[in-house]
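Examination of the molecular architecture
Okay, here's what each chain looks like letter by letter:
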Amino acid sequence: MRALLNHRLFPALAMSAVVVLLPLVLPSAYYYRVAALVFVFALAAVGLNLLMGFAGQVSLGHAGFMGIGAYAVAIGPTHLGVPSWLAFVGGAGLSALVAFAVGRPILRLKGHYLAVATLGFGLLLAIAFSNEARFTGGPDGMAVPRLAVFGFSVRGAQVWYWITAASFLIGAVLALNLIESPSGRALRAIHDSEVAARVLGVDVARTKLAVFVVSAVYASVAGSYFALLNGHITPDVSGFLRSIELVAMVVLGGLGSVAGSLVGAALLVMLPQTLTSLHDYEHMALGLIIMSVMIFLRAGIVPTLARALRRA
Amino acid sequence: MPELLQFAFSGLTVGAVYALVALGFTLIYNSCDVINFAQGEFVMLGGMTTVFLGLAGVPLPLAACLAVVVTIAVGLALHRFAIEPARGSGAVVLIIITIGASIFLRGAAQVVFDKRFHSLPPVVGGDAIRIAGAAILPQSLVVLAGAVVILVLLWGFIERTIIGKAMVATAANELAARLVGIDTRATVGLSFAISAAIGAVAGILIAPITLTSYDIGTLLALKGFAAAMLGGIGSAVGAVVGGLLLGLLEAFAAGFVSSQYKDAVAFLIILIVLLAMPRGLFGRAPVERV
């Protein structure tokens, strides 16, 4: 039993159980859609968690990569005549390239300098998306053509539920495997002390760049799903508030906890849905939640619960 | 030539606000190593509180003073309830807390005030003054003069009063300051209060020119931070120079390059400064402890 609980893929098993059992309790298509959104953001959060929770780097502009993925899937079919799935892959590739190009100089920075550099990068992307109206439809955004695979048009909340859930689980398993691998240990060594890691022979710059690129790809894939799911995107998808929400999801769920990313994403995606009558108070609630969790549950929800259960 | 001067005037006016926001950042950063993203909300609170007190019938000078008091109270509450309990956390956690605080304050302003743009009557009214073919509003001169006055007062406070010296001591080495009997918690709280006051005054002075609404805080905080980075975080002189420089660069970019990408200038500057000269113009070399 203990071996099962401690196995590195146990979180993925637990989450798979949730994914399979959840449709038994979801009453209508609306709930399937919310669940699909949760999985999409959880995917982006897992990528960001690799960067923040394990490698210890901070990125306050990660929604920019979501924006790249989202707009790729919108612009590709509309302006370039590229089929959606190809634009999907192209978006991920473009994000990886941008992350590679931008990451190399930026990751030399540390602490709040790194935070602000990534913030500036994310905002630059958001401004570009908002201004280049010819390609992106400007501040009002643009429509995203439906995903068509082998002639079948993908539509319906339930179909998207299973697609996004499967993608999330694949992403989670990949992340969990990475963490327990030598590369993952190198990441955690960097988090603890970069100087010590370098002394041990870890190529710090290359490892940091690699995890940055990986997390950018996660975010891009999530962004593409988000665009395809909604059928419409606006520059807000890569805005400052979206980046902060991603960071909040990671931090709330627990830095360094893949299952925590799902919990954090669930919390923050469902928050505006539950506050529809109190829509005006949404920002207040969000800010309050972020502050409270960071002050009182510094390790995040899932690690705190796990620690409490282990002690019991 | 008249265009250059015109852009310079508007750039200096906005730059004065950035300078004051950057000064607030620097004060708090120097006293407790926290980047306070809620700094922009102090500016917003100053302007909006004055507007709404004025609408409620309070005479404007009194409304302005009350607005500053309210903002100081908010700054002290921020320190006492959000920053103090999280002492000892890493830099990133504290940044996230202040970002959460700024989101909370913005949400609260949305509910308490409203979502429209508001204006205040200028302190000195009248037509624009024409200098060498360019026009400058009297209120712009008030903003610039206000910034100078605040700087002088701050300098006098830090250099000439014992409390100011206590702040410098706390910033230099907190443990040593506590050992000589300085109440470091109160000193840090004081830095928050002064930052809040500076932000509020900036907000009140700029509202007649650029209007104010519940959401101007975020962008102002980001640009003020860009200015502080440009000048060298930790340096008060750098904050002011950085703010004015950022305002000028923004105005010139908007005028000569593209007004759509005006906001991008600040973020481009952040990236360039961080990558090319992380110390900024006046900053100290960072020391990394192993």
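Residues numbered from 1 in each chain as written. Chains lettered and ligands numbered in written order. Predicted model: local features only at pLDDT ≥ 70, side-chain atom pairs only at ≥ 80, totals over all residues.

1. Description of the overall build of chain A
Our working rule: Under the scheme used here, helices are H or I runs from DSSP no shorter than 4 residues and strands are E runs no shorter than 2 residues, and both carry numbers assigned from the N terminus. The quantity called the radius of gyration is restricted to C-alpha atoms. Its globule counterpart is 2.2 Å times the number of residues to the power 0.38. Buried means a residue has 20 or more other C-beta atoms within 10 Å of its own C-beta, exposed means 12 or fewer, and partly exposed covers the counts in between; C-beta atoms are placed from the backbone. Placing a C-beta atom from the backbone of each residue, one calls two residues in contact when those atoms lie within 7 Å.
What chain A contains, in helices and strands, is 15 helices and four strands. Relative to a compact globule of 312 residues, whose C-alpha radius of gyration would be 20 Å, chain A shows 19 Å and is just as compact. Overall, the C-alpha framework of chain A stretches about 50 × 45 × 40 Å when taken along its three principal axes. The buried share of chain A, taken over its 312 residues, is 51%. At a minimum sequence separation of 6, the contacts of chain A that also span at least 24 residues come to 77%.

2. So, the overall build of chain B
The helix and strand inventory of chain B stands at 11 helices and two strands. Moving toward the C terminus, one meets the helices and strands of chain B in the order α-α-α-α-β-β-α-α-α-α-α-α-α. A compact globule built from 290 residues would reach a C-alpha radius of gyration of about 19 Å, and chain B, at 19 Å, matches this within 12%. Residue burial in chain B is summarised as follows: out of 290 residues, 52% are buried. Within chain B, contacts between residues separated by at least 24 positions form 75% of all contacts whose residues are at least 6 apart in sequence.

3. A look at the environment of Ser-59 of chain A
All names here are of chain A. Within the secondary structure, Ser-59 sits in the loop between helix H3 (29–54) and helix H4 (63–80). Along the backbone, Ser-59 and Ile-244 are 185 residues apart, and their C-alpha atoms lie at a distance of 9.3 Å. The contacts of Ser-59, once residues within four sequence positions are left out, are Leu-48, Leu-51, Met-52 and Thr-118.

4. Topic: the interface of chain A and chain B
To keep it simple, the criterion reads: Think of it as three bins: nonpolar holds Ala, Val, Leu, Ile, Met, Phe, Trp, Tyr, Cys and Pro, charged holds Asp, Glu, Lys and Arg, and polar takes everything else, Gly as well.
If you look at the interface, chain A gives 33 residues, while chain B gives 36 residues. Elements represented by at least two residues in the side of chain A that touches chain B include exactly helix H6 (111–131), helix H12 (240–253) and helix H14 (282–296) of chain A. Across the side of chain A that touches chain B, the residue classes tally to 24 nonpolar, six polar and three charged.

5. Structural notes on helix H1 (residues 2–32) of chain B
All names here are of chain B. The cut-off we apply is this: What a helix is expected to span follows from its residue count: subtract one and scale by 1.5 Å.
Over its 31 residues, H1 extends 45 Å from the first C-alpha to the last, a length consistent with the 45 Å expected when each residue adds 1.5 Å. Of all 31 residues that make up H1, 23 are buried, and the element is covered over most of its length. Immediately beyond the C-terminal end of H1, within one or two residues, lies Asp-33, with a positive phi of roughly 60 degrees.

6. Section: the nonpolar core
Let me state the cut-off plainly: In this usage, the nonpolar core is the set of buried Ala, Val, Leu, Ile, Met, Phe, Trp, Tyr and Cys residues whose C-beta atoms join them within 7 Å.
Grouped together as the largest cluster of nonpolar side chains are 206 residues, with contacts concentrated most on Phe-41 and Ala-222 of chain A together with Ala-19, Ala-226 and Ile-270 of chain B. No other element matches the 18 residues that H3 of chain A contributes to this core. Those residues in contact with Ala-226 of chain B, other than ones at most four positions away along the chain, are Leu-246, Ala-266, Phe-267, Ile-269 and Ile-270 of chain B.

7. Here's the deal with the confidence of the model for chain B
Filter applied, for reference: You can read pLDDT as the predictor saying how much it trusts each residue, on a scale of 0 to 100.
Mean pLDDT over chain B works out to 86, with 98% of the residues at or above the 70 mark. Here the predicted complex carries an ipTM of 0.84, next to a pTM of 0.87.

8. What to know about unusual backbone geometry
Residue and element names in this part refer to chain B. A positive phi angle is found at Asp-33, which is not glycine, with a value near 60 degrees. Relative to the elements of secondary structure, Asp-33 occurs in the loop between H1 and helix H2 (39–55). Although it is not a glycine, Leu-211 adopts a positive phi angle of roughly 60 degrees. When you line up the elements, Leu-211 lands in the loop between helix H8 (184–210) and helix H9 (216–231).

9. Quick look at the packing of H2 of chain B against H9 of chain B
Residue and element names in this part refer to chain B. Stated formally: Note on method: axes are straight lines fitted to C-alpha atoms, helices fitted across the in-contact stretch only, with angles between N-to-C directions ranging 0 to 180 degrees. Roughly parallel covers angles under 35 degrees, roughly antiparallel covers those over 145, roughly perpendicular covers 65 to 115, and oblique covers all other angles. Handedness of each helix crossing follows the sense of rotation of the near helix against the far helix: counterclockwise by less than a right angle gives left-handed, clockwise gives right-handed.
Running from N to C, H2 and H9 point in directions that differ by 135 degrees, and their axes come no closer than 7 Å. Relative to H9, the element H2 lies oblique. Regarding H2 and H9, the two cross each other, and that crossing is right-handed. Contacts between H2 and H9 involve Gln-39, Gly-40, Glu-41, Val-43 and Met-44 from the first element and Ile-216, Gly-217, Thr-218, Leu-220, Ala-221 and Gly-224 from the second. Residue composition of the contact of H2 with H9, by class: five nonpolar, five polar and one charged.

10. Some words on the confidence of the model for chain A
Across chain A, the average pLDDT comes to 85, with 99% of residues at 70 or higher. Mean pLDDT per element in chain A: helix H1 (residues 2–6) of chain A is the minimum at 70, and helix H11 (residues 204–230) of chain A is the maximum at 91.

11. Some details on the packing of H3 of chain A against H12 of chain A
Between two packed helices, the angle of one axis relative to the other and the distance separating the axes together describe the packing. Residue and element names in this part refer to chain A. For the pair H3 and H12, the least separation of the axes is 9 Å and the interaxial angle reads 70 degrees. By the angle between their directions, the pair H3 and H12 is classed as roughly perpendicular. Along the contact surface, H3 presents Phe-41, Ala-44, Ala-45, Leu-48, Asn-49, Met-52 and Gly-53, while H12 presents Leu-246, Val-247, Met-249, Val-250 and Gly-253. Partitioned by chemical class, the residues of the contact of H3 with H12 number nine nonpolar, three polar and no charged.

12. Concerning the environment of Leu-230 of chain B
Residues and elements named next belong to chain B. Along the chain, the position of Leu-230 falls in helix H9. The exposure class assigned to Leu-230 is buried, which follows from the 29 C-beta atoms found within 10 Å. A C-alpha to C-alpha distance of 26 Å links Leu-230 and Ile-136, two positions 94 residues apart in sequence. Excluding residues that lie within four positions of it along the chain, Leu-230 makes contacts with Gly-242, Leu-245, Leu-246, Ile-269, Val-273, Gly-280 and Leu-281.

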